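Residues per chain are reported as follows:
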Amino acid sequence: MQKRNYGLFTAITMITGIVIGSGIFFKADDVLNYANQNVWLGVIIFVVAAVAVIFGALTISQLAIRTDKPGGLVSYAEDFVGVGAATAFGWFESFLYLPTLDAVVAWASGIYVSNLLGFDDFSITRNTIIGFIALTFFFVINTLSAKAGGFFQNFSMIIKIIPLVVLAILGLIKGNTAGVMSGAAGQAFANSVKGLGFLAAFGPIAFSYDGWIVSTSICHEIKNSKKNLPLALSLAPIGVLIVYLAYFLGVTSFLGAENVTDNAVYEVSTAIFGSMGAKVVLVAVVISILGTVNGVSLGLIRLPYSMALRNMMPASKIFKKENKKLGGIPLNSALLVYVLSVVYLAINQLIMTSEAKLHFFGKEVAVCNLDISSIAICVLYLTYIVLYVAVIKLWKKGEIKNVFLGLICPILGIVGSLIIFSGSVVDPVFFIYALICLIFIAIAYIFYKVNKDKIIVESDEEFHSRTDIAE
């Protein structure tokens, strides 16, 4: 019997804590590079991506109101699209998207932990070792105690806001804000959008905003989830946009757009506070990134469990078992996704240290430039569209009365998703990762077709009666 351990504040901190993590610290320079160092264009890219998240979250909230079975996206697809789609969603999210995201963010934590420990050199292997330690620690914490994982999520969200807000304010005050913004206008802006190369910026920006959907995976453990989860999905993305824009403008104003790198947060804090002050800021940044690892792990360990409850995966009897000594935590489910995350971390290590080159559709691609998470993130936005269309259908049936929530939000969410997806299409390795994503989805659908008679489909009331989830 699983208890509802989390309140509204944890739901909000889970979204903001996962979204505001590593991406904003080491992807801002990528956005500027694709935007040809044009700050105005960078701001527009941040806002457009936020549109996809904000209106997407508002749209998904209409489904969250109507069901609180375990699984989040899996439940929404099951109830409002179909069981086949739910199976594909679950496999893609559980076995590809979230484990790769967890692995990459854990690896990225190694960059800033290394800075904090005084290592001047950039070591891929050291980052991987630190990432492995981080993954192991947070999977253990969230498996042993749901409340401990929730507490760290709340704590890290508060801590991570501090360096972003402080550097944003001081960067805007001490930097050349007017010069940076004026230099990015007029003809400079027009030149930056030529050739549509800036669309590639939506890949890294999608990474920076990613993770908001993970909160839906613990909907069955949120108190009064049909009220609190939609509220969290509505409020958190707006706050994230405000913080991101302030930080982006503050850092570029202080350093200049052409000088923003992965270590921008350290360079700005050193210049403003000195070496000791910079160490304090780095502590907050490390906690921030580890908060993202914690949040993804917290949501991820429950996904195979939610599919196993429906018989949507092999060996469902094993993965739907709850450990009563641990408060109902699905231990086998947690072990499965932990192993997957570690495997992806190892694959990331092999890719980043490889000197091999691929020839794909006439293009030569260095293997070390492949990112195991970014394309899966962009492809995920296509899957959201299926749910947005489901909301429009509910509005047409009259089940959603509000035209803004039932029609306008889904349409804007669809437009935003297509724009973000366009950022992956211009990536030279898009077809490689798209093929991998399609393979996962195809295998999931084949599993559904073979086992559809065994898959359990039931209403919220029937589900909660069978699994005895307690308020």
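Please read these numbers as outputs of a predicted model, since none were measured by experiment.

Novice: Could you give an account of the confidence of the model for the protein, with specific residues and numbers?
Specialist: For the protein, mean pLDDT is 80; residues scoring 70 or higher make up 81% of the total. Element-level mean pLDDT values for the protein span from 56 in helix H19 (residues 460–467) up to 93 in helix H15 (residues 331–352).

Novice: Residue-level account of the packing of aromatic side chains, with values.
Specialist: Enumeration according to the criterion identifies 10 aromatic pairs in this entry. Consider the rings of tyrosine 384 and tyrosine 388, whose centres lie 6.3 Å apart with planes at 40 degrees: the pair is tilted. Placement of both tyrosine 384 and tyrosine 388 in helix H16 (residues 374–396) is noted, with a separation of 4 residues, approximately one turn of the helix. Here the two residues tyrosine 384 and tyrosine 388 agree in accessibility, since each one is buried. Consider the rings of tyrosine 445 and tyrosine 448, whose centres lie 5.6 Å apart with planes at 45 degrees: the pair is tilted.

Novice: Pulling in residues and values, what's your account of the pattern of salt bridges?
Specialist: Per the stated rule, a full pass over the model turns up 1 salt bridge. Notably, a salt bridge pairs glutamate 78 with arginine 310, separated by 2.4 Å at the nearest N-O pair. Note that glutamate 78 is positioned in helix H4 (residues 73–80) and arginine 310 in the loop between helix H13 (303–308) and helix H14 (316–319), a separation of 232 residues in sequence. Considered together, glutamate 78 and arginine 310 belong to a single accessibility category, that of buried residues.

Novice: I'd love a proper account of the packing of helix H5 (residues 83–116) against helix H18 (residues 430–451), names of residues and values included.
Specialist: Relative to each other, H5 and H18 sit at 135 degrees, their axes nearing to 8 Å. Compared by their axis directions, H5 and H18 come out oblique. Of the two possible hands of crossing, H5 and H18 adopt the one that is right-handed. Contacts from Val83, Gly84, Thr87, Ala88, Trp91, Phe92, Phe95 and Leu96 in H5 reach Ile436, Cys437, Phe440, Ile441, Ile443, Ala444, Tyr445, Phe447 and Tyr448 in H18. When grouped by side-chain class, the residues that make up the contact of H5 with H18 number 15 nonpolar, 2 polar and no charged.

Novice: Tell me about the packing of H5 against helix H12 (residues 264–300), and please be specific about residues and values.
Specialist: Two numbers describe how H5 lies on H12: the axes approach to 9 Å, and their chain directions differ by 155 degrees. If you check the angle between H5 and H12, you find them roughly antiparallel. Seen along the crossing, H5 lies across H12 with a hand that is left-handed. Among the residues forming the contact of H5 with H12, the class breakdown is 18 nonpolar, 5 polar and 2 charged.

Novice: Describe the nonpolar core, with residues and values.
Specialist: Grouped together as the largest cluster of nonpolar side chains are 137 residues, with contacts concentrated most on Phe25, Ile45, Phe46, Tyr112 and Tyr209. The biggest single contributor to this core is H5, with 20 residues. Excluding its chain neighbours within four sequence positions, the residues that come into contact with tyrosine 209 are Val19, Phe46, Ala49, Ala50, Val53, Val240, Leu241 and Tyr244.

Novice: Tell me about the side chain of asparagine 38, and please be specific about residues and values.
Specialist: Following the sequence through the fold, asparagine 38 ends up in the loop between helix H2 (23–34) and helix H3 (39–64). Of note is the side chain of asparagine 38, whose polar atom sits 3.0 Å from the backbone nitrogen of leucine 41.

Novice: Break down the environment of leucine 418 for me, with residues and values.
Specialist: In this structure, leucine 418 sits in helix H17 (residues 403–425). With a relative accessible area of 43%, leucine 418 lands in the partly exposed category. Apart from residues lying up to four places away in sequence, leucine 418 is in contact with Leu382 and Ile385.

Novice: Residue-level account of H17, with values.
Specialist: Compared with the 33 Å implied by 1.5 Å per residue over 23 residues, the 32 Å span of H17 between its first and last C-alpha is a close match. Of all bends in H17, the biggest is about 30 degrees, found at cysteine 409, and the proline proline 410 comes one to four residues later. Regarding H17, the residues found buried are Gly406, Cys409, Pro410, Gly413, Ile414, Gly416, Ser417, Ile420, Phe421, Ser422, Gly423 and Ser424.

Reading guide: rules and limits
Residues numbered from 1 in each chain as written. Predicted model: local features only at pLDDT ≥ 70, side-chain atom pairs only at ≥ 80, totals over all residues. Heavy atoms only, no water. pLDDT = per-residue confidence, 0-100. Helix = DSSP H or I, 4+ residues; strand = E, 2+ residues; numbered from the N terminus. Phe/Tyr/Trp six-rings, centres within 6.5 Å; stacked < 30°, edge-to-face > 60°. Buried < 20%, exposed > 50% of the residue type's maximum accessible area, 1.4 Å probe, protein only. Salt bridge = Lys/Arg side-chain N within 4 Å of Asp/Glu carboxyl O. Axes fitted to C-alpha atoms, helices over the stretch in contact; angles between N-to-C directions. Parallel < 35°, antiparallel > 145°, perpendicular 65-115°, else oblique. Left-handed = near helix turned anticlockwise from the far one by under 90°. Contact = heavy atoms within 4.5 Å. Nonpolar A, V, L, I, M, F, W, Y, C, P; charged D, E, K, R; others polar. Core = buried A, V, L, I, M, F, W, Y, C linked by side-chain atoms within 4.5 Å. Polar contact = N/O pair within 3.5 Å; in protein donor to acceptor, adjacent residues only side chain to side chain. Expected span 1.5 Å × (residues − 1). Bend = angle between axes of the 7 residues up to and from the residue.

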